[in-house]
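# Understanding the architecture of this molecule
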Amino acid sequence: MGTVVHLSGPARPGPDLKELLARVVRGERDAFSALYDAVAGPVFGLVRRVVRDPAQSEEVTQEVLLEVWRTAVRYRAERGEVLPWVLTIAHRRAVDRVRSAQAAADREQRVAAASHAAAFDEVAEQVEGRLEREQVRRCLKTLTELQRESLTLAYYRGYTYPQVAEVLGAPLGTVKTRMRDALIRMRDCLGVGT
């Protein structure tokens with residue numbers, strides 16, 4: 001009962017990764033090919049869990065394995081096994097990719113928020129302008145005839161106080177008083193704060 005049965009046959013030992021990496025350092029392409037085959041699956045699995053996007057995970061996996069080829073000379077056997085060293089490189093690259101993608105998304109969002117201008121609604125502007133003009137007309141009707149004439153001459157025709165006094169044939173002080181009273185009534189009618 002203590003016998004272990006392997007359904008796929010006896011377990012085969014994997015390649016000696018330290019030896020393969022030492023050969024990669026010497027520039028042996030076939031050694032890198034064997035190393036690639038041995039570690040690509042675990043690297044892709046780790047990267048896929050971090051990055052989540054399959055296409056980007058493949059890119060990061062390729063970058064990691066290229067980095068292993070370029071930096072194989074930096075591996076130190078006394079510090080640990082080859083696979084954990086490669087997976088550490090993979091994890092760092094995957095995290096860098098996620099951070100880079102997040103930073104790009106944040107930048108795009110900031111640019112979009114900064115460039116977002118309120119849309120100009122020409123119809124709303126026209127309606128608002130008409131409503132304001134109608135309210136001014138309504139408020140002008142609440143003034144006395146002399147107040148209305150004084151305001152019309154001064155604000156719509158651009159007359160000065162002395163010119164208004166001359167046109168109306170009234171003393172300058174009287175025109176100024178009419179204008180002040182008219183403006184107070186208009187302010188109250190329009191609901192403008194002081």
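Just above sits the structure.
Report follows, based on the coordinates.

The rules behind these values
Residues numbered from 1 in each chain as written. Predicted model: local features only at pLDDT ≥ 70, side-chain atom pairs only at ≥ 80, totals over all residues. Heavy atoms only, no water. Helix = DSSP H or I, 4+ residues; strand = E, 2+ residues; numbered from the N terminus. Buried < 20%, exposed > 50% of the residue type's maximum accessible area, 1.4 Å probe, protein only. Contact = heavy atoms within 4.5 Å. Areas by Shrake-Rupley, 256 points an atom, 1.4 Å probe, with all protein chains shown as cover. Salt bridge = Lys/Arg side-chain N within 4 Å of Asp/Glu carboxyl O. Axes fitted to C-alpha atoms, helices over the stretch in contact; angles between N-to-C directions. Parallel < 35°, antiparallel > 145°, perpendicular 65-115°, else oblique. Left-handed = near helix turned anticlockwise from the far one by under 90°. Nonpolar A, V, L, I, M, F, W, Y, C, P; charged D, E, K, R; others polar.

## Some points on the overall build of the chain
A tally of helices and strands in the chain yields eight helices and zero strands. In sequence order, the secondary structure elements of the chain are arranged as α-α-α-α-α-α-α-α. By the burial criterion, 25% of the 194 residues in the chain qualify as buried. The contacts of the chain with a sequence gap of at least 6 include a subset with a gap of at least 24, amounting to 57%. Element-wise, carbon and sulfur atoms account for 53% of the exposed surface of the chain, whose accessible area totals about 13900 Å².

## Structural notes on the pattern of salt bridges
Across all of its chains, the model carries 13 salt bridges by this definition. The salt bridge partner of Arg93 is Glu67, with a shortest N-O separation of 2.8 Å. With Arg93 in helix α4 (residues 82-115) and Glu67 in helix α3 (residues 54-71), this residue pair connects regions lying 26 residues apart in the sequence. Look at Arg93 and you get partly exposed, because its relative accessible area is 28%. One salt bridge connects Glu134 with Arg137, and the closest N-O pair in it is separated by 3.7 Å. Here Glu134 pairs with Arg137, and both are found in helix α5 (residues 122-140), just three residues apart, close to one helical turn. A relative accessible area of 44% means that Glu134 is categorised as partly exposed. A relative accessible area of 45% means that Arg137 is categorised as partly exposed. If you follow the salt bridges from partner to partner, you end up with Glu19, Arg23, Arg26, Glu28 and Asp30 in one network.

## Describing the packing of helix α6 (residues 145-156) against helix α7 (residues 161-168)
Axis separation between α6 and α7 bottoms out at 10 Å; the angle between their running directions is 130°. It follows from the interaxial angle that α6 and α7 lie oblique. α7 is crossed by α6, and the crossing has right-handed handedness. Counted together, Glu149, Ser150, Leu153 and Ala154 of α6 and Val164, Val167 and Leu168 of α7 form the full contact between these two elements. Looking at side-chain class alone, the contact of α6 with α7 contains five nonpolar, one polar and one charged residues.

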